[in-house]
Amino acid sequence: MTSTMPALTLRGPGDVALTDKPVPEPGPGEVLLAVEATTICGTDLRLISGQKTSGVRYGATLGHEVAGRIAAIGEGVTDLPTGANLRVGQQATVSIVVSCGTCRACLAGREHLCTSMELVGYAIDGGLAPYLLVPARAVARGNVIPVPAEIPANRLAIAEPMSCVLNGHRRHGGVNPGETVVVIGGGPIGLLHTQLNLASGAAQVILSENNESRRASGAELGAVTTAPDQLEAVLAERTEGWGADVVVVAIGLPFLAQTSLSLAAPGGRVSWFAGFPKDATAEVDPNTVHYGEVTVSGGSNARRADVHDAVRLLSRGVIDERPIVTHTFGLSEWESAIDAVKNHVGVKIAIDPTR
Ligand SMILES: [Zn+2]
Ligand SMILES: [Zn+2]
């Protein structure tokens, strides 16, 4: 008799429930992870409410920010170059972009823009269950990413958002020592951008955020914090009126497209990192880009290489999850966990599927 496990399943748009699914047994080429923590992000809310429907398979288990441990390894995995270093009991995460490897994006080294990718936690069963089965095609491409030295599960879980932040950071050319960075939005993503920029040599990161306790988290991480209505004045004062070398938009509000351009210094870089509502449009002054030579870039998802780098930054303590992952719930308490995300309780919420 096969045993079953509870899994937070997206059954249809706006229809989520804890359902019983069989505990997967890894077949040839597959790897089974025992999940120790899965953090929840804004995209999960949009999946649950039915706002986000693309790339979704109804019936799939949610959860794409996963920390786990290898529970079982299918036949043939350890014979693969990508599986040779995997062993049962090892701490590991999963790179959620399962790409084809052959389309133009994949060939150009942009697997996260693969035209036929599937994502773990969207189309492939994710980590809001005690076990996650990594499909053979993902294992073969090296999507199971082991951790060199043990770290807390809540730290490893944010390797996924951290990898996306790294990708966005690289898209705008990173930060040079001594530069000023403005981060708009002090949620989990804004706080990760803050830490990465400070660790990369920014002279100052000015974090704009409405919520006072999130501003306190930003200050704890070394940012200069301000309420949004004071941002322009604080930036002018701290840069002698020059503006920001880098502006990162970490909240998906369309009007921030123009705000971010107006905050950038001549020759500055702007990252529209956050996802905006479907079909959103924004009015911008194009001359900011023309005369000011401001560069605009975006960032969506991440490559396996970004996940490896994220794991290294987290395991060496360069990025600290403690001011970010503030609350942990059991899987049976998932409704309270989702409410906490909705109501901005703390910063980021983790679910421990073992309880
Ligand atoms: Zn996410
Ligand atoms: Zn592809």
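Residues numbered from 1 in each chain as written. Chains lettered and ligands numbered in written order. Predicted model: local features only at pLDDT ≥ 70, side-chain atom pairs only at ≥ 80, totals over all residues. Heavy atoms only, no water.

Caption draft 1: View of unusual backbone geometry. Not every positive phi belongs to a glycine, and D279 is a case in point at roughly 65 degrees. Within the secondary structure, D279 sits in the loop between β14 (264-272) and α10 (286-292). The phi dihedral of H344 is positive, around 55 degrees, even though this residue is not glycine. Note that H344 resides in the loop between α12 (334-342) and β17 (348-352). (Helix = DSSP H or I, 4+ residues; strand = E, 2+ residues; numbered from the N terminus.)

Caption draft 2: A look at the pairing of strand β2 (residues 15-22). Where strand β1 (residues 4-12) and β2 come together, eight bridges link them in antiparallel fashion. Bridging from a neighbouring strand, A7 pairs with T19 of β2. The hairpin formed by β1 and β2 contains two residues between the paired strands, and G14 there has a positive phi angle of roughly 75 degrees. (Pairing = 2+ DSSP bridges.)

Caption draft 3: Spatial organisation of the domain arrangement of the protein chain. Structurally, the protein chain comprises domain 1 (4-158 + 324-352) and domain 2 (165-298). Each of domain 1 and domain 2 was reduced to a C-alpha centroid, and the two centroids are 29 Å apart. On the side of domain 2, nine residues touch domain 1, which itself brings eight residues to the contact. For the pair domain 1 and domain 2, the summed buried surface comes to about 780 Å²; carbon and sulfur atoms form 55% of the total. (Domains from an automatic or database assignment. Contact = heavy atoms within 4.5 Å. Buried area = accessible area lost by both parts, 1.4 Å probe.)

Caption draft 4: Up close: the nonpolar core. Among the nonpolar cores identified, the biggest contains 40 residues, and V31, L33, L132, V134 and V144 are the most heavily contacted of them. With five residues, the single largest contributor to this core is α12. In contact with V144, not counting residues within four places along its chain, are V31, I70, L86, A92, T93, V134 and V139. Counting residues in each nonpolar core, the second largest holds 39 residues, with V147, A159, V246 and V311 among its members. (Core = buried A, V, L, I, M, F, W, Y, C linked by side-chain atoms within 4.5 Å. Buried < 20%, exposed > 50% of the residue type's maximum accessible area, 1.4 Å probe, protein only.)

Caption draft 5: The arrangement of the UniProt feature "domain: Alcohol dehydrogenase-like C-terminal" (unreviewed entry) in the protein chain in detail. UniProt tags residues 188-315 as "domain: Alcohol dehydrogenase-like C-terminal" (unreviewed entry). For residues 188-315, the end-to-end C-alpha separation is 18 Å, with 44% helix and 21% strand making up the annotated structure. (UniProt positions renumbered as here; feature names shortened; annotations may be inferred.)

Caption draft 6: Geometry of the environment of R57. When you line up the elements, R57 lands in the loop between α1 (42-49) and β4 (66-73). Note on R57: relative accessible area 38%, which makes it partly exposed. A sequence separation of 63 residues divides R57 from V120, and the C-alpha atoms of the two residues are 10 Å apart. If sequence neighbours within four positions are ignored, R57 has contacts with L10, Y122, A123 and D125. Within the structure, R57 has its side chain in polar contact with the side chain of D125 (distance 3.2 Å). (Polar contact = N/O pair within 3.5 Å; in protein donor to acceptor, adjacent residues only side chain to side chain.)

Caption draft 7: The arrangement of helix α7 (residues 212-220) in detail. The set of residues buried in α7 consists of R214, R215, S217 and G218. For α7, the buried positions fall inside an angular range of 155 degrees around the axis, keeping them on one side. With respect to the buried face of α7, the exposed residues turned more than 90 degrees away are E212 and E220. Those residues of α7 that are buried lie in contact with α6 (188-199), β11 (204-208) and β12 (224-226). With a side-chain oxygen lying 2.9 Å from the backbone nitrogen of S213, the N-terminal cap of α7 falls on N211. One or two positions beyond α7, positive phi appears at G222, with a value near 105 degrees. (Arc of directions from axis to C-beta.)

Caption draft 8: Highlighting the coordination of the zinc ion (ligand 1). At this site the zinc ion (ligand 1) is bound by C41 (SG), H64 (NE2) and E65 (OE), with donor distances of 2.1 to 2.5 Å. Ordering the donors of the zinc ion (ligand 1) by residue number gives the pattern C-x22-H-E. Of this pair, C41 sits in the loop between β3 (31-39) and α1 while E65 sits in the loop between α1 and β4, placing them 24 residues apart in sequence. The pair C41 / E65 is uniform in exposure class, with both members buried. (Donors = N, O, S within 2.8 Å, 3.2 Å for Na, K, Ca; no water.)

Caption draft 9: α12, seen in detail. Among all positions in α12, only W334, A337, I338, A340 and V341 are buried. Around the axis of α12, the buried residues are gathered within 155 degrees of arc, so they sit on the same side. Exposed side chains of α12 directed beyond 90 degrees from the buried face belong to E335 and K342. Tucked into the core, α12 has its buried residues touching β1, β2, α1, β16 (325-330) and β17.

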